[in-house]
Amino acid sequence: MLIKKPADIRPSEITSESNYFSRRNFMRAGSIVGAAAIAAPALGAIVPAGSGEKLEGIRPSRLSTDELPNTYEDVTTYNNYYEFGTGKADPFRNAQDFEPRPWTITVDGHAEKTGSFLFEDFIKPFDLEERIYRMRCVEAWSMVIPWVGISLAEVIKSFKPTSRAKYVAFETLHDPVRMPGQSRRVLDWPYREGLTIAEATNPLAILAVGVFGEALPNQNGAPIRLVVPWKYGFKGIKGIVRMRFVERQPKTSWEMAAPREYGFYANVNPNVDHPRWSQARERRIGASVFASKQPTQMFNGYAEHVAHLYDGLKLRRHY
Ligand code: MTE
């Protein structure tokens, strides 16, 4: 009988949370050993082309939550990605044949360094970190997801934005042939998002390239997507092809679609209801149907890291 060692088991073969946890501790132990070899140069982020392939050289992060992650199945089969359909199961079903390589990311606008970069070159200078984050969707459900990503602050610094850069605007690939959902006008394509420079350079913000220690599955936004855990999930734009440094607050997809319901800031806030439902509580995906909903926390529990960004801003108005 063939018995696999923990390191040989891919998270996609595992669905139970306890198994992922033992693997995580194993990875942490590995990274402590790695840290002993301090003189070794950083490898830089390398992500293999196939979605689901194991990522190497991941560092754990102090910014991770200790809450139990959702299962691989929850994270990769219950998704929002309208480019592949509007149902929760559609992205898993319809994105399997999407080919996220070769992939080019264009950086332009008010920065000293601009240009178009192959995904592999774009991420290479940065370290890969595991960030286990609570994620809260505007639809009042939540998950805990073990992302693997690079620091957005580091990426932004490397492009040297000028003093005119007040915001960063992001865009998803626009290609209705490869993203069949874009042939329906459910949103004004391409999907667009944005952050203030202060938000984008907060240490919590990352560009995720993996999940559960593996390259991002297509349905989660391969090869690269934004993760800002103190904001509602729709800010986490997937399949990014453009980052632009701009002076004015950029228009974002959900704000354009329904401005009374979805604002630019979209900070998780249990005290400001959506016009059609309460935001005070949330349903944890995967929890027992008998479990009661849990209270939503201000800034999704990340207030100590981000509340200062909004000093003086009226959160009820700037929702
Ligand atoms: N990015 C693009 N390009 N298109 C989308 O439809 N949906 C958003 C966000 N990013 C979306 C997107 C929404 S509403 C949510 S809740 C998160 O992705 C879901 O991310 P997940 O499926 O990886 O959990």
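Up top you'll find the structure we're talking about.
Below is a summary of the structure that appears in this document. Worth saying up front: this structure is predicted, and the values here are computed from it rather than measured.

## Section: the site of the ligand
Close to the ligand lie 16 residues; Asn79, Tyr82, Glu83, Gly236 and Lys238 are nearest. One of the backbone N or O atoms of Tyr82 is found 2.8 Å from an oxygen atom in the ligand. Here the ligand has 540 Å² of accessible area as a free molecule, and 95% of this is covered by the chains. Per-class residue counts for the shell around the ligand are seven nonpolar, six polar and three charged.

## Some details on unusual backbone geometry
For the bond from Trp189 to Pro190, the omega torsion is -5°, close enough to zero to count as cis. Between Ala222 and the following residue, Pro223, the backbone shows a cis peptide bond with an omega angle of 0°. Examined against the element boundaries, Pro223 turns out to sit in the loop between strand E9 (214-215) and strand E10 (225-227). Backbone geometry places Asn300, a non-glycine residue, at a positive phi of 55°. Residue position: Asn300 is located in the loop between strand E13 (294-295) and helix H8 (303-306). Among the residues examined, Asn300 registers a relative accessible area of 2% and is labelled buried.

## Observations regarding the sheet that holds strand E7 (residues 192-196)
Spatial ordering of the open sheet is given by E3-E2-E11-E6-E7, a layout of five strands whose pairing is mixed. The open sheet has two edge strands, strand E3 (115-118) and E7, and neither has a second partner. The sheet shows a mean angle of 20° between the axes of neighbouring strands, direction not considered. Of the strand pairs in this sheet, strand E2 (residues 104-109) and E3 are connected by four bridges, and their pairing is antiparallel. By the bridge assignment for E3, Thr104 is matched with Leu118.

## Some details on the pattern of salt bridges
Taken as a whole, this structure holds 19 salt bridges when the rule is applied. Between Lys88 and Glu139 there is a salt bridge; the shortest N-O distance is 3.2 Å. Placement of the pair is Lys88 in the loop between helix H2 (72-77) and helix H3 (90-94) and Glu139 in the loop between strand E4 (129-136) and strand E5 (141-151), with a sequence separation of 51 residues. For Arg178, the salt bridge is made with Asp175, and the minimal N-O distance between the two is 3.7 Å. Salt bridges linked by common partners bring Asp108, Glu171, Arg242 and Arg244 together as one network.

## So, the nonpolar core
Among the nonpolar cores identified, the biggest contains 83 residues, and Phe122, Trp147, Phe170, Leu207, Ile224 and Phe245 are the most heavily contacted of them. It is E5 that contributes the most residues to this core, six residues altogether. In contact with Ile224, other than residues within four places in its own chain, are Trp103, Ile105, Phe119, Phe122, Ile123, Leu207, Ala208, Val209, Leu216, Lys238, Gly239 and Ile240.

## Notes on the pairing of strand E8 (residues 206-211)
Taken residue by residue, a regular strand's side chains alternate between the two faces of the sheet. Burial analysis of E8 places six of its six residues in the buried class, the great majority of the element. Here five bridges tie E5 to E8, and the two strands are oriented antiparallel to one another. Its bridge partner lying in E8, Ser151 is registered against Ile206. The sheet contact formed by E8 and E10 spans three bridges and is antiparallel. Note on E10: the bridge partner recorded for Ala208 is Arg225. Two strands pair when backbone bridges link them, and E8 and E9 are joined in this way by two bridges, in the antiparallel orientation.

Reading the values: rules and limits
- Residues numbered from 1 in each chain as written.
- Predicted model: local features only at pLDDT ≥ 70, side-chain atom pairs only at ≥ 80, totals over all residues.
- Heavy atoms only, no water.
- Near = heavy atom within 4 Å.
- Polar contact = N/O pair within 3.5 Å; in protein donor to acceptor, adjacent residues only side chain to side chain.
- Areas by Shrake-Rupley, 256 points an atom, 1.4 Å probe, with all protein chains shown as cover.
- Nonpolar A, V, L, I, M, F, W, Y, C, P; charged D, E, K, R; others polar.
- Helix = DSSP H or I, 4+ residues; strand = E, 2+ residues; numbered from the N terminus.
- Buried < 20%, exposed > 50% of the residue type's maximum accessible area, 1.4 Å probe, protein only.
- Pairing = 2+ DSSP bridges.
- Axes fitted to C-alpha atoms, helices over the stretch in contact; angles between N-to-C directions.
- Salt bridge = Lys/Arg side-chain N within 4 Å of Asp/Glu carboxyl O.
- Core = buried A, V, L, I, M, F, W, Y, C linked by side-chain atoms within 4.5 Å.
- Contact = heavy atoms within 4.5 Å.

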